[in-house]
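In case you want the letters, here they are:
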Amino acid sequence: MKNVLVTGGAGFIGSNFIRFLLSHESGVRVINLDVLTYAGSLLNLEDLPDPERHIFIKGDICDSDLVNSLFQKYQIETVVHFAAESHVDRSILGPGQFIQTNIIGTFTLLEAARQAWITDKLTPLENCRFHHVSTDEVFGSLGQNDPPFNENTPYSPRSPYSASKASSDHLVRAYHHTYGLPVSITNCTNNYGPFQFPEKLIPLMIINAVAGKPLPVYGDGMQVRDWLYVDDHCEAIYLVLKNGQPGETYPVGGDNQPPNIEIIRTICEVLDELLPQSPHVPHSSLVKYVQDRPGHDRRYAMDISKIRSTLGWSPRKNLKSGLMETVSWYLQNQDWINAINQRGDYKNWMQDNYAERGQKK
Ligand code: NAD
Ligand code: DAU
C-alpha cells in the first residue's frame, strides 16, 4: 500500500481508519475524499499521527471528473470506500440521497478504478485493491433462534439504507466477475467508539443522559445488535487489505449481542459511576419508550469464523470496557459535542425524528 484513496474519511469509521492506517503503515499516503455532509467533520481528523501523509480533498464521490483525476494525479492503487449515507432513520425520512451516494457514488468509484487500473493500466493490477465497507444489514433481520449471518447468507435488505448498501455490494461483486477488478468486501455489524455522530444509539444516549434529556428507546427496546469497537473494525479492514483474497467477502462482528435496553442501562450505570454528583443519577430514570422505527429489524448477529480462521482476526475489546472508554471520550470532548449541538441542521434532525414519536408507555 502506497497511495490509498479513502472515501468518507471525515466520518466516524473513516477517520478512525485513517488514524489506524497512518500509525500501522509507515510508507502509506492517504488521499481522503469527503464531501463533508452533516456527518463529516475536519474536527475528526485533528489529531492524526503524521498528518503530512494525509491529503484532504473536499469533494463528492459522484463527481466522476474529480474521482478520475484523483486516480491519475495520486497513482491510487488502493481504495477503501467508506463514504455513504449511513443512518437508517434518515433513509426512512428521505431515501433519495441514499440512492445517489450509496449506489451512484459506488458505481462512479468502480468506473474510475476500472478506467485507471484495467483500461489505462496506470498501476499493475496485482498491486491494486478496491475495498468496499459494507454492513450486516444487507442480510435482513434474524428471528430469535435463527443462526447468525455468514458470507453465504442470501441478501434481504429491508430499509432504504440497507437496500442501497446491498445494491452497492452487488455492483462491487459484478465488477470483479465481469471485469476482473480486484475487490474485497467486509460486512460489519454495529460500530461504536470515539467520533461517532450523535444520531446513532450509543452517542445519542450518552449525550442526552449527561444533559438530563429523555433517552428515546424505540419500541420495546428488545431489538438486538452486534456491537464492535471501531478500532477492531479498522484492524479487520487492514488485515483484509494486507492478506485477504480478491473477490472475497468477510463478515466482521463483535460476537456480543445484548438487546438495546441493556446497552442503554449499561451506559447509564457507567455514567452513574463517572458522574456521581450529577443531578440525573440514576441516569436510567431518563429512559423513555417511544414509537418504533418503521420496519425495524429485530435482530442481527454475525458468524465471524471466516475472518478468524483465514486472517487470524477477532475482536480485542469487550463491550463493557469499550463502553467505558467511549463514554469517557464523550465526557472529555465537550467542544466536539458543542460544535454539533449548535448546528441548526442537527436541531432540525432531532425535531424531525423525535418530536412526533411521543411517549409509548
Ligand atoms: P458516517 O455517516 O459517520 O460518515 C460518512 C462519511 O461519508 C461522512 O464523512 C460524509 O461526509 C461522507 N460522505 C457522504 N456522502 C459523500 C459523498 N457523496 N462524497 C464524499 N463523501 C461523502 O458513516 P460511518 O458510520 O463512518 O460509516 C462508514 C461506512 O461504514 C458506511 O459505508 C457504512 O455503511 C459502513 N458501516 C457502518 C457501520 C456503523 O455501525 N457505523 C457498520 C457497518 C458498516
Ligand atoms: O448493523 C450495522 C449498521 O449499524 C450500520 O450499517 C449503520 O450505518 C449504523 O447506523 C447502524 O445501524 P442501526 O440502525 O443498527 O444503528 P442505530 O444506532 O441507529 O440504532 C441501533 C439500535 O438502537 C436500533 O435497534 C434502533 C435503536 N435506537 C436507535 C436510536 C437512534 C433506539 O432505540 N433509539 C434511538 O434514538
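Going along each chain's sequence as written, the residues are numbered from 1 onward. All chains are assigned letters beginning at A, and all ligands numbers beginning at 1, according to the order in which they are written. It should be noted that, the model being predicted, local features are given only for residues of pLDDT at least 70 and side-chain atom pairs only at 80 or more, the latter also being counted only at that level, while totals for whole chains, interfaces and linings use all residues. As a convention, hydrogens and water are excluded, and side-chain values are obtained from all of the structure's heavy atoms.

Asks: Mind laying out the overall build of the protein, listing which residues take part and the relevant values?
Replies: Helix numbering and strand numbering both begin at the N terminus, where a helix is a DSSP run of H or I of at least 4 residues and a strand a DSSP run of E of at least 2. Along the protein, the regular secondary structure elements total twelve helices and eleven strands. The atom set for the radius of gyration is the C-alpha atoms, and the globule formula is 2.2 Å times the number of residues raised to the power 0.38. Taken over C-alpha atoms, the radius of gyration comes to 20 Å for the protein, in line with the 21 Å a tight globule of 361 residues would show. For the protein, the spread of C-alpha atoms along the principal axes amounts to about 65 × 45 × 40 Å. Three exposure classes are used, based on accessible area relative to the maximum for each residue type with a 1.4 Å probe and protein chains only: buried under 20%, partly exposed in between, and exposed over 50%. Counting over 361 residues, the protein shows a buried share of 56%.

Asks: Please give an account of the domain arrangement of the protein that cites residues and values.
Replies: Taken domain by domain, the protein comprises domain 1 (3-189 + 229-252) and domain 2 (201-222 + 258-296 + 318-347). Source of the domain bounds: an automatic or database domain assignment. Distance between the C-alpha centres of domain 1 and domain 2: 28 Å. Contacts: residue pairs with any heavy atoms within 4.5 Å of one another. On the domain 2 side, the residues contacting the nine residues of domain 1 number twelve residues. Here the buried area means the combined drop in accessible surface, using a 1.4 Å probe, for two parts upon being joined, counting both sides. Between domain 1 and domain 2, roughly 820 Å² of surface is buried when both sides are summed, and carbon and sulfur atoms account for 46% of that area.

Asks: Describe the packing of helix H6 (residues 201-211) against helix H8 (residues 260-274), naming the residues involved and giving the relevant values.
Replies: Axes here refer to lines fitted to C-alpha atoms; in helices the fit is confined to the stretch in contact. Angles between the N-to-C directions go from 0 to 180 degrees. As a packed pair, H6 and H8 sit with axes 10 Å apart at the nearest point and diverge in direction by 40°. When the axis of H6 is compared with that of H8, the two are oblique. The crossing of H6 and H8 is right-handed. When H6 is examined against H8, the residues Leu 201, Ile 202, Met 205, Ile 206, Ala 209 and Val 210 are found in contact with a partner set consisting of Asn 260, Ile 263, Ile 264, Ile 267 and Leu 271. Here the contact of H6 with H8 is built from residues that sort into ten nonpolar, one polar and no charged. The scheme is simple: roughly parallel for angles under 35 degrees, roughly antiparallel for over 145, roughly perpendicular for 65 to 115, oblique for anything else. In a left-handed crossing the near helix is turned counterclockwise from the far helix by less than a right angle, and in a right-handed crossing that turn is clockwise. Residue polarity follows a fixed list, in which Ala, Val, Leu, Ile, Met, Phe, Trp, Tyr, Cys and Pro are nonpolar, Asp, Glu, Lys and Arg are charged, and the others, Gly among them, are polar.

Asks: Describe in detail the environment of Tyr 354, supporting the description with residues and values.
Replies: Within the secondary structure, Tyr 354 is located in helix H12 (residues 344-354). Taking the C-alpha atoms as reference, Tyr 354 lies 42 Å from His 176; in sequence the two are 178 residues apart. The residues touching Tyr 354, leaving out its near neighbours within four places in the chain, are Glu 199, Leu 204, Pro 216 and Tyr 218. Of note is the side chain of Tyr 354, whose polar atom sits 3.4 Å from the side chain of Tyr 218. In protein, a polar contact means a hydrogen-donor-capable atom and an acceptor-capable atom, both N or O and within 3.5 Å, with residues adjacent in sequence counting only if both atoms are side-chain atoms; elsewhere, any N or O pair within 3.5 Å suffices.

Asks: Which residues make up the layout of surface pockets, and what values go with them?
Replies: Put plainly, a pocket is an open set of points on a 1 Å grid over the protein atoms alone with protein on both sides within 12 Å along at least five of seven lines, a cavity is a set where a 1.4 Å probe fits but cannot get out, and a lining residue has an atom within 4 Å of a point. Grid points are joined across faces, edges and corners, and a volume is the space filled by probe spheres set on the points. Taken as a whole, the second largest pocket spans an internal volume of roughly 470 Å³. Tallying contributions element by element places H6 first for the lining of the second largest pocket, with five residues. For the lining of the second largest pocket, the per-class residue count stands at 14 nonpolar, four polar and four charged.

Asks: Talk me through unusual backbone geometry; I want residue IDs and the actual numbers.
Replies: Geometrically, the link from Val 281 to Pro 282 is a cis peptide bond, its omega value of -5° lying close to zero. For Pro 282, the location among the structural elements is in the loop between H8 and strand S11 (287-290). One non-glycine residue, Asp 50, adopts positive backbone phi at about 55°. The backbone phi angle of Lys 121 is positive, close to 50°, even though this residue is not glycine. Among the structural elements, Lys 121 can be located in the loop between helix H4 (96-119) and strand S5 (129-135). For Lys 121, a relative accessible area of 62% puts it in the exposed group.

Asks: Report on empty space enclosed by the protein, specifying residues and quantitative values.
Replies: For the structure on display, the rule yields one cavity of 30 Å³ or more. Put simply, the largest cavity is a space of about 60 Å³. If you trace the largest cavity, you find it lined by Val 88, Ile 92, Glu 137, Arg 158, Ser 159, Arg 225, Arg 293, Pro 294, Gly 295, His 296, Asp 297 and Tyr 300. Class assignment of the residues belonging to the lining of the largest cavity gives a composition of four nonpolar, three polar and five charged. If you count residues domain by domain, the lining of the largest cavity takes at least three from each of domain 1 (3-189 + 229-252) and domain 2 (201-222 + 258-296 + 318-347).

Asks: Residues and numbers for the site of ligand 2, please.
Replies: For this description, a residue counts as near a given molecule or strand if any of its non-hydrogen atoms is within 4 Å of it. For ligand 2, the set of nearby residues contains 24 residues, the closest of which are Asp 136, Tyr 161, Arg 293, His 296 and Tyr 354. Between Ser 86 and ligand 2, the recorded distance is 2.7 Å, taken from a backbone N or O atom to an oxygen atom. Note that an oxygen atom of ligand 2 is positioned 2.6 Å from one of the side-chain N or O atoms of Tyr 354. Computed with the Shrake-Rupley method and a 1.4 Å probe, the accessible areas treat only the protein chains shown as cover for residues. Surface burial for ligand 2 is 95%, taken as the share of its 690 Å² of free accessible area covered by protein chains. Elements with a minimum of two residues in the shell around ligand 2: H6 and strand S8 (215-218). By residue number, the principal contributor to the shell around ligand 2 is S8, which donates three residues.

Asks: Quick one: what's the story with the sheet that holds strand S2 (residues 29-34), residue by residue and with numbers?
Replies: We call two strands paired when DSSP finds no fewer than two bridges between them. Judged by pairing direction, the sheet is parallel, and its seven strands sit side by side in the order S3-S2-S1-S4-S5-S6-S10 without closing on themselves. Among the strands making up the open sheet, the edge pair consists of strand S3 (54-58) and strand S10 (249-252). If you compare each strand with its neighbour and ignore which way they point, the axes differ by 20° on average. Relative to S5, strand S4 (residues 78-81) runs parallel, the two sharing four bridges. Bridge pairing in S5 links His 81 to His 132. Running at roughly 150° to S5, helix H7 (residues 230-243) makes contact with S4, S5, strand S6 (183-188) and S10 of the sheet.

Asks: Can you tell me about the packing of helix H1 (residues 12-24) against H7, naming the residues and giving the values?
Replies: It is at 9 Å that the axes of H1 and H7 come closest, and there the two elements cross at 60°. Our classification of the angle between H1 and H7 gives oblique. H1 and H7 meet at a crossing whose hand is right-handed. Along the contact surface, H1 presents Phe 12, Ile 13, Asn 16, Phe 17, Phe 20, Leu 21 and His 24, while H7 presents Val 230, Asp 231, His 233, Cys 234, Glu 235, Ile 237, Tyr 238 and Leu 241. Looking at the contact of H1 with H7 residue by residue, the classes come out as ten nonpolar, three polar and two charged.

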